[in-house]
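# Secondary and tertiary structure notes
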Amino acid sequence: MQVEKFYYDNKTVKMFAYAVLLWGIVGMLAGLWVAIALYYPSINLGFAPTTFGRMRPVHTNAVIFAFVGNGIFMGIYYSLQRLCKTRMFSDVLSKIHFWGWQLIIVAGALTLWTGHTSGKEYAELEWPIDIAIALVWVVFGINMFGTILKRRESHIYVAIWFYIATWVTVAMLHIVNSLELPISFLKSYSMYAGVQDALVQWWYGHNAVAFFLTTPYLGLMYYFLPKAANRPIYSYRLSIIHFWALIFIYIWAGPHHLLYTALPDWAQSLGVVFSIMLIAPSWGGMLNGLFTLRGAWDKVREEPVLKFLVVAITCYGMATFEGPMLSLKSVNAISHFTDWTIAHVHVGALGWNGFLTFGVLYWIIPKMWNTTLYSKKLAGTHFWTGTIGIILYVIPMYWAGFTQSMMWKTFTEEGQLKFQFLETVTHIVPMYAVRSIGGALYLVGAFIMVYNLIKTVQQGSFVADEAAEAPALEKNIVPHSKEYWHRWIEKRPMQMLVFSLIAVAIGGVVELIPTFLVKSNIPTISSVKPYTPLELHGRDVYIREGCYLCHSQMVRPFRDEVARYGEYSKAGEFVYDHPFQWGSKRTGPDLARVGGKYPDSWHYNHMMDPQSMSPGSIMPSYPWLYEDEVDTLLTPKMIWAMRKLGVPYAEGYEYKANDDLRQQEQKIVTSLKGDKINGVNGKPINNKSIVALIAYLQRIGMDIKSAPKAQTAQSGQGVMGN
Amino acid sequence: MLLIANVFKKASKIALPLFLLFVTAVPAMAEGPTPPSSLSNPFVTLMVIIILFLAIIIFMMGRLVIGSGGLYLERWKKETEETKKNSAAPVVTTIVLLLLSVQVFAQDSTAPAPAAASASDNFGGISSTAYYLLCSVVFVELLLIAVLLYMLRVFAGIQKKKKAIVAATNTAAVKSAVPELSWWDRFNALKPIHQEVNIDLGHDYDGIRELDNKLPPWWLYGFFLTIIFAGVYLYSHYVSHTAMSGIEEYEASVKQADIEKTEYLKKSANNIDETTVKLLTADADIAAGKAVFQVSCFPCHGKNGEGIVGPNLTDDYWIHGGSIQDIFKTLKYGWADKGMKSWKDDFSPVQLAQIASYVKSLRGTNPANAKAAQGTLYTEAGSAAPAATDSTKTKKAS
């Protein structure tokens, strides 16, 4: 058996590690910014790019795709080479991968700040960037599979199973959810509408959590935990069962983000039961992690890496138990749309992803610089600052979420809603303040880490190409003992890829296809008409400013919501919504029935200065909407795109659309004049974004109000029948 | 003797999952008859959680008892063969009897299940039968736990006695073959660390080895439980239709709320509607009405009722009538087509009367920037000429 010499590529790992540190700080700063904006809205300084609706996607995208994304690549590039006993397949591809991904991040941040968004949460980036993501992902895939194929290990380790499943599933999710029709370089409309768009979006959104934030990090855990603890993996059997069960079941659970909405009842139920069945497979990962530490708990007290990993795994266990509980309809009725969800995801993000990333960084940087960590004490300080930060973050959010939900649902004995919406907001503002302190502490911890790692780098000397040796892979491997059946696939990465794809495709197919093909899932309501051209423009403004990040458009069938907002939402109301705008958080009130509720002048004044119309409101003001003009040159393209997507505009309407737009605009201008609003600084307000936005707001939820009572009732039953 | 033990072990392997299945089926069936979603009845929910929790405890304890019982059975058998002591026999019998009693109790606890099934059709709400059923399941479970605890103590006692004998006689041949395992290790089916070599699979990935530990039993059976839950959930929604859909839950809650509201209003001074409302003149009432007006009405009607988008409320022209009853009705039901929303879900009837009375008190105040008159002239029954000046402000009727 000939021993071969080769070198591990540490340079790419180093680059990704630096990117993790940089984007981690940027993402957390953006998070702190939006946290403060919730009790001090004028932190936006009057600028559009720094307003909550645009900063929030910057925060989520930076943390998910920049911080955790680079963390995934850092961990995979380090562990994959060592698990395969070979250098990465191609240094050129590694470079393209690294710089491509960083360019995507920068482009993403810039476009989000300038208001270019597809309006779908966690998939906000516009179509050219979507294509770039797909291409870079393919580069990553070729590099990863190339490495696996030229490995010197006969079998692939459990960490690599998770990497493979991650790669194939993220590719599938990204492509299906990003199908959109471009109308300009940075503007497109989702291929799907309303209920279907919602289902695709949350199939994607939920599984982005599963296959971007969970499975790759489980892979990292399977490499770095046993290495750091120097203990064998507790149970190989558990690895097999929890891996396959996890990827198969996870994909079904998406609809639990849409409980009590207009999504067909059967799809909601599938979301519930698969979420519950997800507890054990998720906990399988936690158990395999924690039991691997058997006999090494004394090391946990000493070793900062292990401390971070243990808290990360514990947070993973808590979050994956809480998630299924939140998927029970009776719990979801309380938690959904509130800060409870925010607390839940931050246990996962700060605890699981954040702490695991920190642990890995503390492990690989001294290794790659051939030195020891500069200060274990500082790492300990980071650990405690971070832990206290998490606690101070999540407890106020749980409290706020539960309290606000209870206030929403409280009726007086006479049968009236006890609290106006605004009262429930001002009540939890102090909790928002405490939360931002928790977040700030966590960020301080991250800064301590950056300092500690810089010092470590300075005292060591970087090993760009780490020498290693291993025997060449023999053609025929004779097992030395009884083999598990699963060993078969561990020698065959391509089959592993195919079987993973099959496992994750089933759930999606069963849930998505009937929702698209079976008509009874979305009963039509004849009074629901396409938007007018001005309303379409207004809708684009609504999406651009990220209104959906604080306002839902989904009245759930609850007594309090019907009393507060109006008739509960029906599936048929959203058939022309490309994309859907149901939202997932109610920082402000629901807007599904806001049309006609207030006069035009109310909206005009409210967008200019929300506190003048709702004293105590935490909504920022939008002065630039009174300067921006609607791009009427785009109108024909918009109408054309909508017709392509199935909205029944008459042939040739695109050429008349702007006439209708002017007429409707004039109506609003006249109505504002009637209320003594004559323009901004003496200039006419025709053609300004605010007019289009008012037109859209006044339209939302109006169609069903004009429908004959019998019809809406019937369509309600149609939904029930499903 | 060994044969019996083996047979018993096999039987228990089947019996325990079965038992577990029944225990889970009982709450599932008991959940059926409660009207607004099984989980919305807090008592049922609590009991179901307790039942499930106890079931898991019983299951784990059962395993412990069987495990340790079986072990001692074999050991005692060996020892009796070696030492030919007669005293072993009664102990063995005790063990076997105790082990069998697990069976008996397991069967016992399954007994309520069919009863629940037959009863479930007849009860809406948490009837006394359902109540006693839930309680009896909990009681049986507690009884089982007590028995299992007793058995564990017996075995622990045997172990102690055994150790004492070993220590006393100092028989070198019989070194404790039974490893020292904590309850935690047993609970998770963990092998002692020094035995790890035996389950090392020989895998080596960059120095990472893998062990072939068994799946933690509670994890595995927990997984099965969630699958059973999924089955029961889907069955109750789409086959038996005992669980409600979201819309049905909504309708039930509104119906219930209406009943409670009517009951409350019957007994309350708040029972005012558009036919019985009277103009309030007390300062406190007018002030209360004004307070609400300043928060909720001003965006459309102006701080002083001068009218902005909504009509002027200080003149004698009314679109939907100007009597206290008319205004009350307008506030209560709204005129959605004209932009006036219904306020009945926001304010109580008394509050609505206060707001209406405040609005009436604005008559003739001639605020600045008053909007032009809209609607038709309204003349108060009993009053003479339309009000135009402040002097008529005090003229109030009915």
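Residues numbered from 1 in each chain as written. Chains lettered and ligands numbered in written order. Predicted model: local features only at pLDDT ≥ 70, side-chain atom pairs only at ≥ 80, totals over all residues. Heavy atoms only, no water.

Across its full length, chain B holds 13 helices and 2 strands. Here the contacts in chain B between residues at least 6 apart in sequence split such that 69% fall between residues at least 24 apart. Of the roughly 21100 Å² of accessible surface on chain B, a fraction of 64% belongs to carbon and sulfur atoms. (Helix = DSSP H or I, 4+ residues; strand = E, 2+ residues; numbered from the N terminus. Contact = heavy atoms within 4.5 Å. Areas by Shrake-Rupley, 256 points an atom, 1.4 Å probe, with all protein chains shown as cover.)

Residue and element names in this part refer to chain B. Residues at a pLDDT of 70 or more form 64% of chain B, whose mean pLDDT is 72. Looking across chain B, the model is least confident in helix H5 (residues 112–119), with a mean pLDDT of 39, and most confident in helix H9 (residues 217–238), with 94. Considering only residues more than four positions removed or in separate chains, one finds that residues 88–93, a stretch of pLDDT under 50, has 7 contacts. Residue range residues 171–177 is modelled with pLDDT below 50. Its contacts to residues more than four positions away, or to other chains, number 5 contacts. This prediction of the complex comes with two scores: 0.78 for pTM and 0.90 for ipTM. (pLDDT = per-residue confidence, 0-100.)

Once that is clear, we can look at the nonpolar core. Within the largest apolar cluster, 263 residues are counted, with the highest numbers of intra-cluster contacts made by Trp101 and Ile364 of chain A. If you tally residues by element for this core, the top one is helix H6 (residues 194–229) of chain A, at 22 residues. Those residues in contact with isoleucine 364 of chain A that sit more than four places away from it in its chain are Val13, Met74, Tyr78 and Phe224 of chain A. Counting 23 residues, the second-largest nonpolar core is a separate cluster that includes Leu279, Cys297, Trp318 and Ile327 of chain B. (Core = buried A, V, L, I, M, F, W, Y, C linked by side-chain atoms within 4.5 Å. Buried < 20%, exposed > 50% of the residue type's maximum accessible area, 1.4 Å probe, protein only.)

A few words on the packing of aromatic side chains. All names here are of chain A. All chains considered together, the criterion is met by 69 aromatic pairs over all chains. Ring centres of phenylalanine 358 and tyrosine 442 lie 5.9 Å apart, and the angle between their planes is 40°; on these two criteria the pair is classed as tilted. Pair noted here: phenylalanine 358 is in helix H13 (residues 339–368) and tyrosine 442 is in helix H15 (residues 421–459), with a separation of 84 residues, a long-range link. Overall, phenylalanine 358 belongs to the buried group, its relative accessible area being 1%. (Phe/Tyr/Trp six-rings, centres within 6.5 Å; stacked < 30°, edge-to-face > 60°.)

The step from histidine 578 of chain A to proline 579 of chain A runs through a cis peptide bond, and the omega angle for that step is -10°. Residue placement: proline 579 of chain A occurs in the loop between helix H19 (559–565) and helix H20 (600–608). Positive phi is not limited to glycine here, since asparagine 230 of chain A has a value of about 55°. By relative accessible area, asparagine 230 of chain A is classed as exposed at 59%. Even without a glycine there, the phi angle at asparagine 369 of chain B is positive, about 60°. Of note, asparagine 369 of chain B is situated in the loop between helix H13 (349–361) and strand S2 (376–377). Asparagine 369 of chain B gets classed as exposed once you look at its relative accessible area, which sits at 59%.

Let us now look at the pairing of strand S2 (residues 180–184) of chain A. Residue and element names in this part refer to chain A. As paired elements, S2 and strand S3 (residues 187–190) share 4 bridges and run antiparallel to each other. Bridge pairing in S3 links glutamate 180 to serine 190. The turn joining S2 and S3, which pair antiparallel and follow one another in sequence, is formed by 2 residues. (Pairing = 2+ DSSP bridges.)

Attention now goes to the interface of chain A and chain B. It is common to give the size of an interface as the accessible area lost on bringing the parts into contact. Chain A puts 71 residues into the contact, and the matching count from chain B is 64 residues. Carbon and sulfur atoms make up 62% of the surface buried where chain A meets chain B, a total of about 6000 Å² over both sides. The largest share of the area that chain A buries against chain B comes from Tyr234, Arg294 and Glu414 of chain A, three residues that together contribute 11% of it. Linking chain A with chain B are 24 residue pairs in polar contact (both at pLDDT 80 or more). Counting residues per element, the side of chain A that touches chain B draws most heavily on helix H7 (residues 236–250) of chain A, at 8 residues. Residues belonging to the side of chain A that touches chain B are distributed by class as follows: 39 nonpolar, 15 polar and 17 charged. (Buried area = accessible area lost by both parts, 1.4 Å probe. Polar contact = N/O pair within 3.5 Å; in protein donor to acceptor, adjacent residues only side chain to side chain. Nonpolar A, V, L, I, M, F, W, Y, C, P; charged D, E, K, R; others polar.)

Bringing the confidence of the model for chain A into the picture now. When pLDDT is averaged along chain A, the result is 93, and 97% of the positions lie at 70 or above. Low pLDDT (under 50) marks residues 710–722 of chain A, which in the prediction has 23 contacts with non-local residues, meaning those over four places away or in another chain.

Summed over the entire model, instances satisfying the criterion amount to 0 disulfides over all chains. The thiol of cysteine 300 of chain B is unpaired, and the distance to the nearest cysteine sulfur, on cysteine 297 of chain B, comes to 8.8 Å. (Disulfide = S-S within 2.5 Å.)

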